[in-house]
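Descriptive analysis of the structure
Single-letter residue listing:
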Amino acid sequence: MTDNTAVLLTVEGVIATVTLNRPEALNAFNQDSYRCLMSAAQTIKETPEIRAVIMTGAGERAFSAGMDLKMIAGGGSGSALMGNFRDGFDRLFGLKSIFTMYEELSVPVIAAINGHCLGAAFELSLCCDIRICAEQAMFALPEMPLGVIPDLGSTQRLPRIIGPAYAKELIITGRRINAQEALRINLVNHVYPKDQLIPEAKKLAEEMAKLNPRHVAGAKRAVNMSLSTPLDWGLRLETDICIGAGSGQSFSAEAQKFIKNK
């Protein structure tokens, strides 16, 4: 039976909140979670009134425990999940593309990590523009000790955020780090007491939402491109993006050709 509440999308004014909503399972991802995440991202994309997004987890204990391993071990719908999404390149890349939808939104996405953030959930948080967390948050990519290479983007995004050495350590060992360690290695921007996490996320979202949305979208796109673009091309693209954000002009033909070939 389909669960349309596995992820909740709520909108207050110009700020949307995406809530991973399976607290009885530490918000672990099942088939419905991925489907609802995709639907929420598409709705945000198609709603120009939304200026910022907060992503968090329901309950007190977890942002999300990642993939629902109990369902997989039990041979029930979890097995179907593995078959649907992790059987072959196209299916796995399709699952990965759901996370990328949040990275590519034109509005800023703030991950408010309120507890355990493990595996696939860790990888989802890497697609957010800014990560803040509660003092009791815990992070890990536990796949390698379980005999699986992390496969939802962390081998590519995590080195770009914290550097390759720390990324290799976390990915290969699968060890857990607490909020203060996450702050030290720049995985998160800020750490707050639990009761201040969502208010601080809203405060940051409201600050960003007041800005010109074209400028915000342009700045976000320029920074994202910097992670995979040589400096000389990045400077050209920055110029095109800035001109386009201010005047409504599109990219130059040269820039469009480069983007198409990326």
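Right above here is the structure, for reference.
Owing to the predicted nature of the structure, the values given are computational and were not obtained by experimental measurement.

Procedures and definitions
Residues numbered from 1 in each chain as written. Predicted model: local features only at pLDDT ≥ 70, side-chain atom pairs only at ≥ 80, totals over all residues. Heavy atoms only, no water. Pairing = 2+ DSSP bridges. Helix = DSSP H or I, 4+ residues; strand = E, 2+ residues; numbered from the N terminus. Axes fitted to C-alpha atoms, helices over the stretch in contact; angles between N-to-C directions. Core = buried A, V, L, I, M, F, W, Y, C linked by side-chain atoms within 4.5 Å. Buried < 20%, exposed > 50% of the residue type's maximum accessible area, 1.4 Å probe, protein only. Right-handed = clockwise from strand over helix to strand, strands pointing away. Expected span 1.5 Å × (residues − 1). Polar contact = N/O pair within 3.5 Å; in protein donor to acceptor, adjacent residues only side chain to side chain. Parallel < 35°, antiparallel > 145°, perpendicular 65-115°, else oblique. Left-handed = near helix turned anticlockwise from the far one by under 90°. Contact = heavy atoms within 4.5 Å. Nonpolar A, V, L, I, M, F, W, Y, C, P; charged D, E, K, R; others polar.

The strand order across the open sheet built from 6 strands is 1-2-3-5-7-10, with neighbouring strands paired in mixed fashion. Strands at the two margins of the open sheet, each flanked by one partner only, are strand 1 (7-12) and strand 10 (190-192). For this sheet the average axis-to-axis angle between neighbouring strands, irrespective of direction, equals 20 degrees. Pairing of strand 1 with strand 2 (residues 15-20) involves 6 bridges; the strand directions are antiparallel. Residue pairing in the sheet places glutamate 12 in a bridge with isoleucine 15 of strand 2.

Moving on to the nonpolar core. Counting 52 residues, the largest nonpolar core has Phe139, Leu158 and Leu187 as the members making the most contacts within it. Sort the elements by how many residues they give to this core and helix 1 (residues 31-45) lands first, with 6 residues. Within the second largest apolar cluster, 13 residues are counted, among which are Ala112, Ile130, Ile132 and Tyr192.

One face of the sheet, then the other: side chains in a regular strand alternate in exactly this way. In terms of residue burial, strand 3 (residues 52-57) counts as a mostly covered element, since 6 of its 6 residues are buried. Residues Ala52, Ile54 and Thr56 of strand 3 are buried on one face, and the alternating residues Val53, Met55 and Gly57, pointing to the opposite face, are buried as well. Bridge analysis of strand 2 against strand 3 gives 6 bridges, and the strand direction is parallel. Bridge pairing links leucine 20 to glycine 57 in strand 3. In this fold, the crossover linking strand 2 to strand 3 by way of helix 1 has right-handed handedness. Sheet topology note: the strand 3/strand 5 (residues 109-113) ladder contains 3 bridges and is parallel. Within strand 5, the residue paired with methionine 55 across the bridge is alanine 111.

Here we come to the pairing of strand 2. In terms of burial, strand 2 is a largely internal element, 6 of the 6 residues being buried. In this antiparallel pair of consecutive strands, strand 1 and strand 2, the connection spans 2 residues, and glycine 13 shows a positive phi of 65 degrees.

What follows deals with helix 10 (residues 213-226). The end-to-end C-alpha distance of helix 10, which contains 14 residues, comes to 20 Å, matching closely the 20 Å that a straight helix rising 1.5 Å per residue would cover. When we look at burial in helix 10, the residues that qualify are Val216, Gly218, Lys220 and Met225. With a side-chain oxygen lying 2.8 Å from the backbone nitrogen of arginine 214, the N-terminal cap of helix 10 falls on asparagine 212.

Turning our eyes to something else, we now look at the packing of helix 6 (residues 154-162) against helix 7 (residues 164-173). Axis angle and axis distance: for two packed helices, these are the angle between their axes and the distance between the axes, and together they describe the pair. Two numbers describe how helix 6 lies on helix 7: the axes approach to 7 Å, and their chain directions differ by 135 degrees. By the angle class used here, helix 6 and helix 7 are oblique. In this structure, helix 6 crosses over helix 7, and the sense of that crossing is right-handed. Two secondary-structure elements touch here, helix 6 through Ser154, Thr155, Leu158, Pro159 and Ile162 and helix 7 through Pro164, Tyr166, Ala167, Leu170 and Ile171. For the contact of helix 6 with helix 7, the residue count by class is 8 nonpolar, 2 polar and no charged.

Moving on to the environment of threonine 239. Relative to the helices and strands, threonine 239 is located in helix 11 (residues 231-247). The class of threonine 239 is partly exposed, set by a relative accessible area of 44%. Taking C-alpha positions, threonine 239 is 9.3 Å from alanine 222, a pair spaced 17 residues apart along the chain.

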